[in-house]
Amino acid sequence: MLEVVDQEDKQALEQERCSKCHISRAEDHDLSLFAGMCGHFLCKTCHGNEFDGRPIAECLVCGEEHQKNSYVPRRFESGEVHRTVMIRKEVLKELNLSLEDFGSDERKFNDYLEFKEDVVYNLEFNIDVARTKSRVELFKKRHRDQINKNTSRTKREQMERENLIKAENDRESLRLKEKVQQIQDAKRARERLRLDRLENLATSNDPKAALAAIFEEIKKEREDREKEEKEKEKNKSTISFDASQPTNSYRLFKYVPVKLSFHGPTPPSTPMIQQRRMVDMKPMDMDAARAGGFSDTLSLKHCLADACTCLFD
């Protein structure tokens, strides 16, 4: 089994190959590959050489023209998957209508979704590409206003999300700076206190009494610090309730046993089964079964309950 897995991994690495120098990740596991819109790979060195002094270059496999920025670092092992993802991304970016744009008409919206999938399928498998692209352009021309409106809304929402993320990062950075500043202030305060104590000890007429006072202060500081930590832990474990809500809305859960109606004789209880030795109570071989509460008695009770059910009907 392991040999089959290793063979499949080796074949997958062989497929991740530069289309120019033909080096694969099976030969160099640290090989950096860039994938184009067509799904073919170029290594980092060949990518730089291929676009040296020119903005556009042809793919050495399929002949499609690509810009340098259209090559992105490899994210998928298969180039076909990368091609499908990129095509779908471009189609979804241009065809961004929603159900509201069709007046909540689900039939028209479903036809539009089928049209998008047909476009993706045709572009992915190179089926009537010219006609497919002309259909897309015609659709974009008919719904230009709605597409532009949705594009503007998407850009605005993206900008708002980026601003929120930036504001959150700024707050986090400020919080970390304040925390670092507090730590530094605490260190300086402890250093000043240490120097003051050493100075008092050096200038004191009774060094023994001064040393005892210093130890007493240290002990009191340690006790205060432990008390603060306990208070923090207590506050974390305390559940706070909203005072505006009625008290009876926070009732504790109370277990009520389920009453079963068998419509027949009551099955024997567990003590009766054990007393009459209806089942051989051997220790279970499976630790997982015992941990889950399963036992031979439980399975026997299920069988007896099924046998007694509906005998009076």
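Right above here is the structure, for reference.
Residues numbered from 1 in each chain as written. Predicted model: local features only at pLDDT ≥ 70, side-chain atom pairs only at ≥ 80, totals over all residues. Heavy atoms only, no water.

Q: Describe in detail the overall build of the protein chain, supporting the description with residues and values.
A: Secondary structure assignment for the protein chain yields ten helices and five strands. Accessible area for the protein chain stands at about 24,900 Å²; split by element, carbon and sulfur atoms hold 53% of it. (Helix = DSSP H or I, 4+ residues; strand = E, 2+ residues; numbered from the N terminus. Areas by Shrake-Rupley, 256 points an atom, 1.4 Å probe, with all protein chains shown as cover.)

Q: Describe the packing of helix 3 (residues 79-94) against helix 4 (residues 106-124), and please don't skip the residues or the numbers.
A: Helices that pack against each other are described as a pair by the angle of their axes relative to one another and the distance between those axes. Two elements in contact, helix 3 and helix 4, have axes whose closest approach is 10 Å; the angle formed by their N-to-C orientations is 140°. Judged on the interaxial angle alone, helix 4 and helix 3 are oblique. Like other packed secondary-structure pairs, helix 3 and helix 4 cross with a definite hand, here right-handed. In this structure, helix 3 contributes R83, T84, I87, R88, V91 and L92 to the contact, and helix 4 contributes K116, E117, V119, V120, L123 and E124. Residue composition of the contact of helix 3 with helix 4, grouped by class: six nonpolar, one polar and five charged. (Axes fitted to C-alpha atoms, helices over the stretch in contact; angles between N-to-C directions. Parallel < 35°, antiparallel > 145°, perpendicular 65-115°, else oblique. Left-handed = near helix turned anticlockwise from the far one by under 90°. Contact = heavy atoms within 4.5 Å. Nonpolar A, V, L, I, M, F, W, Y, C, P; charged D, E, K, R; others polar.)

Q: Please provide a residue-by-residue account of the side chain of H66, values included.
A: Following the sequence through the fold, H66 ends up in strand 4 (residues 65-67). Since its relative accessible area comes to 4%, H66 is described here as buried. Residues in contact with H66, not counting those within four places in the same chain, are M37, C38, F51, P55, I56, A57, C59 and Y71. (Buried < 20%, exposed > 50% of the residue type's maximum accessible area, 1.4 Å probe, protein only.)

Q: Please set out helix 6 (residues 144-203) residue by residue, giving values where relevant.
A: Since the α-helix advances by 3.6 residues per turn, residues separated by three or four positions end up pointing in the same direction. Compared with an ideal rise of 1.5 Å per residue, which puts 60 residues at 88 Å, helix 6 spans 87 Å between its outermost C-alpha atoms and is within 8% of the ideal. All of the buried residues in helix 6 are I147, N150 and R197. (Expected span 1.5 Å × (residues − 1).)

Q: Give a detailed account of the sheet that holds strand 1 (residues 33-35), specifying residues and quantitative values.
A: An order of 2-1-5 is seen for the three strands of this open sheet, with the pairing classed as antiparallel. What marks the edges here is a single partner per strand, and that holds for strand 2 (41-43) and strand 5 (72-73). (Pairing = 2+ DSSP bridges.)

Q: How would you sum up the environment of Q274? Please name residues and give values.
A: Topologically, Q274 is positioned in helix 8 (residues 270-275). Residue Q274 is classed as partly exposed on the basis of its relative accessible area, which comes to 43%.

Q: An account of the packing of aromatic side chains is requested, with residue identities and associated values reported.
A: Following the criterion strictly, the structure yields seven aromatic pairs and no others. Ring plane angle 40° and centroid distance 5.3 Å describe the contact between F102 and Y112, whose orientation is recorded as tilted. Here Y112 lies in helix 4 and F102 lies in the loop between helix 3 and helix 4, a separation of ten residues in the sequence. Both residues of the pair, F102 and Y112, belong to the buried class. (Phe/Tyr/Trp six-rings, centres within 6.5 Å; stacked < 30°, edge-to-face > 60°.)

Q: Describe helix 3, listing the residues and the values that go with them.
A: The end-to-end C-alpha distance of helix 3, which contains 16 residues, comes to 23 Å, matching closely the 22 Å that a straight helix rising 1.5 Å per residue would cover. Of all the residues in helix 3, the buried ones are G79, H82, R83, T84, M86, I87 and V91. Of the surrounding elements, those touching the buried residues of helix 3 are strand 1, strand 2, strand 5 and helix 4. Two to three positions downstream of the cap, the backbone nitrogen of E80 sits 3.2 Å from a side-chain oxygen, assigning the N-cap of helix 3 to S78. (Polar contact = N/O pair within 3.5 Å; in protein donor to acceptor, adjacent residues only side chain to side chain.)

Q: I'd like to hear about a positive patch on the surface, residue by residue, with values.
A: Among the surface-exposed residues, K187, R190, R222 and R225 lie close enough to one another that they form a single positively charged patch. For the positive patch, the elements supplying multiple residues, two or more each, are helix 6 and helix 7 (207-237). Among the structural elements, R222 can be located in helix 7. (Patch = residues over 30% accessible without salt bridge, like charges linked within 9 Å, V, L, I, M, F, W, Y side chains within 5 Å. Salt bridge = Lys/Arg side-chain N within 4 Å of Asp/Glu carboxyl O. Lys, Arg positive; Asp, Glu negative; His and termini not counted. Charge placed at Lys NZ, Arg CZ, Asp CG, Glu CD.)

Q: Now, about the environment of H302: what can you tell me, with residues and values included?
A: Mapping H302 onto the fold places it in helix 10 (residues 296-308). You can call H302 partly exposed: its relative accessible area is 48%. Sequence spacing of H302 and P267 is 35 residues, and the spatial spacing of their C-alpha atoms is 9.2 Å.

Q: Residues and numbers for the packing of helix 4 against helix 5 (residues 129-142), please.
A: Running from N to C, helix 4 and helix 5 cross one another at 145°; their axes reach a closest spacing of 9 Å. Handedness of the crossing formed by helix 4 with helix 5: left-handed. In this structure, helix 4 contributes Y112, F115, V119, N122 and L123 to the contact, and helix 5 contributes V129, T132, K133, R135, V136 and F139. Here the residues of the contact of helix 4 with helix 5 are counted per class, giving seven nonpolar, two polar and two charged.

Q: An account of a nonpolar patch on the surface is requested, with residue identities and associated values reported.
A: Side chains of Y121, F125 and I127 sit close together on the surface and give an oily, nonpolar patch of about 310 Å² of accessible area. Residue position: F125 is located in the loop between helix 4 and helix 5.

Keep in mind these values describe shape, not function.
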